[in-house]
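Residue-level structural notes
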Amino acid sequence: MSLDSMEMERENANALLVQSTPKPSKVQKHNNKPFQCPFKKGKIMNSIESCLDKSIKLKMDNNTKNTYSSKNALSIKIEELKQALIILNKYDKEINTRKLTQKWRCITQAAMSYILNMTLCKIDKIGGYQQLRKKEFDLQKKRLEYMMDDSMQDEIDTVVESEDFKSLPIDDQVEYKKMMDERLKDFQIHKQNELQKLEKQMNDTTSNEMDMKELADRLKIDYKMVFDICG
């Protein structure tokens, strides 16, 4: 084979090789856009903000409750302290009142002791305690008889001497006089009862000397209050 023929065959083989080689396909260009989350950004932010708001609100509610609870406890404590101060003030006033009462008792007891001593000296000068009681009994008896006798008799005389009574029929006058006589009898019975009570008081007196209680009764002073006696 000649050189020319060999050269031609080589060129033909190269041509066939070029034709049989596949052409490269177009390379797809990659999209350089940044990665996007399948969830929208606005919804995520809203969800996060909502959770934060709920958490903050819950903490604020708890803090508010604790604050209110602390305020209520503090208010109760302040009210208790106010009541305690009121009680202390009342107690101070009570103490002062007791001191003044005790001072009054001491002064009154001293005055009554002085009066009793002076009275006992005067009783001795008139013959003793029993003589004093007898004189007092006689005086009260005369006073009772005088007041009762005169008052009732004066009332009867006034009625009988009145023109209205004299203008009544004789039978009516007699009837009224009987009624007044009955009243006078009842009055006399009442007088005798009072005299008997007076005599009984005289006889029931067993003491031979005036004591502090009798002096208080005569002076119309509360003996139990002055000498701090209960019951």
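An unreviewed UniProt entry lists the protein under the name Meiosis protein 5, with Arxiozyma heterogenica as the source organism. Its UniProt record, at the heading Sequence similarities (unreviewed entry), says of the protein: "Belongs to the SFR1/MEI5 family." Regarding the protein, the UniProt comment filed under Subcellular location (unreviewed entry) reads as follows: "Nucleus".

**Looking at the overall build of the protein**
Scanning the protein from terminus to terminus reveals seven helices and zero strands. Moving toward the C terminus, one meets the helices and strands of the protein in the order α-α-α-α-α-α-α. Burial status across the protein gives 13% buried among its 231 residues. Across the protein, contacts joining residues at least 24 apart in sequence account for 76% of those joining residues at least 6 apart. Surface accessibility of the protein: about 20300 Å² in total, with carbon and sulfur atoms responsible for 57%.

**Comments concerning the packing of aromatic side chains**
If you walk through the whole model with that rule in mind, you get one aromatic pair. Summarising the aromatic geometry, the rings of Tyr223 and Phe227 are spaced 4.8 Å apart at their centres and angled 40° between planes, so their arrangement reads as tilted.

**Looking at the pattern of salt bridges**
All told, the structure shown has seven salt bridges when counted by the stated rule. Here Glu194 makes a salt bridge to Lys197, at a shortest N to O gap of 3.9 Å. In this pair, Glu194 and Lys197 are both assigned in helix α5 (residues 170-204), three residues apart and thus about one turn of the helix distant. Exposure remark for Glu194: the relative accessible area of 25% places this residue in the partly exposed category. One connected set of salt bridges, linked through shared partners, spans Arg133, Glu136, Glu214 and Arg218.

**As for α5**
An ideal rise of 1.5 Å per residue puts 51 Å on 35 residues; α5 measures up with 51 Å between its terminal C-alpha atoms. All buried positions along α5 are accounted for by Gln173, Met180, Phe187, Lys191, Leu195, Leu198 and Met202.

**Examining a nonpolar patch on the surface**
Taken together, Tyr114, Ile115, Met118 and Leu219 make up a surface patch of nonpolar side chains, about 380 Å² in accessible area. As for its position among the elements, Ile115 is in helix α2 (residues 41-125). Relative accessible area serves as the criterion here: at 33%, Ile115 is assigned to the partly exposed category.

**What to know about the environment of Met210**
Along the chain, Met210 turns up in the loop between α5 and α6 (212-218). Looking at Met210, the relative accessible area reads 5%, which means it is buried.

**Comments concerning the confidence of the model for the protein**
With 66% of its residues at a pLDDT of 70 or more, the protein shows a mean pLDDT of 75. Of all secondary-structure elements in the protein, the lowest mean pLDDT belongs to helix α1 (residues 3-20), at 56, while α6 reaches the highest, 91. The low-confidence segment residues 24-31, where pLDDT is below 50, has zero contacts with residues more than four positions distant or belonging to other chains. Here residues 37-41 scores under 50 on pLDDT; set against residues more than four positions off or in separate chains, the count is one contact.

**Describing the environment of Leu144**
Along the chain, the position of Leu144 falls in helix α3 (residues 129-160). Spatially, the C-alpha atoms of Leu144 and Lys191 are 7.6 Å apart, while their sequence positions differ by 47 residues. Apart from residues no more than four positions distant in its own chain, Leu144 is found in contact with Lys191, Glu194 and Leu195.

**Examining the nonpolar core**
Nonpolar side chains in soluble globular proteins tend to end up buried together. Ranked by size, the top nonpolar core spans 11 residues in total: Met112, Leu116, Leu120, Ile123, Tyr129, Leu132, Met210, Met212, Leu215, Ala216 and Val226. Mapped by element, the contributors of at least two residues to this core are α2, α3 and α6. Residue contributions to this core peak at four residues, all from α2. Once residues within four sequence positions are removed from consideration, Met112 is found in contact with Met212, Leu215, Ala216, Ile221, Val226 and Phe227.

What counts and what doesn't
- Residues numbered from 1 in each chain as written.
- Predicted model: local features only at pLDDT ≥ 70, side-chain atom pairs only at ≥ 80, totals over all residues.
- Heavy atoms only, no water.
- UniProt positions renumbered as here; feature names shortened; annotations may be inferred.
- Helix = DSSP H or I, 4+ residues; strand = E, 2+ residues; numbered from the N terminus.
- Buried < 20%, exposed > 50% of the residue type's maximum accessible area, 1.4 Å probe, protein only.
- Contact = heavy atoms within 4.5 Å.
- Areas by Shrake-Rupley, 256 points an atom, 1.4 Å probe, with all protein chains shown as cover.
- Phe/Tyr/Trp six-rings, centres within 6.5 Å; stacked < 30°, edge-to-face > 60°.
- Salt bridge = Lys/Arg side-chain N within 4 Å of Asp/Glu carboxyl O.
- Expected span 1.5 Å × (residues − 1).
- Patch = residues over 30% accessible without salt bridge, like charges linked within 9 Å, V, L, I, M, F, W, Y side chains within 5 Å.
- pLDDT = per-residue confidence, 0-100.
- Core = buried A, V, L, I, M, F, W, Y, C linked by side-chain atoms within 4.5 Å.

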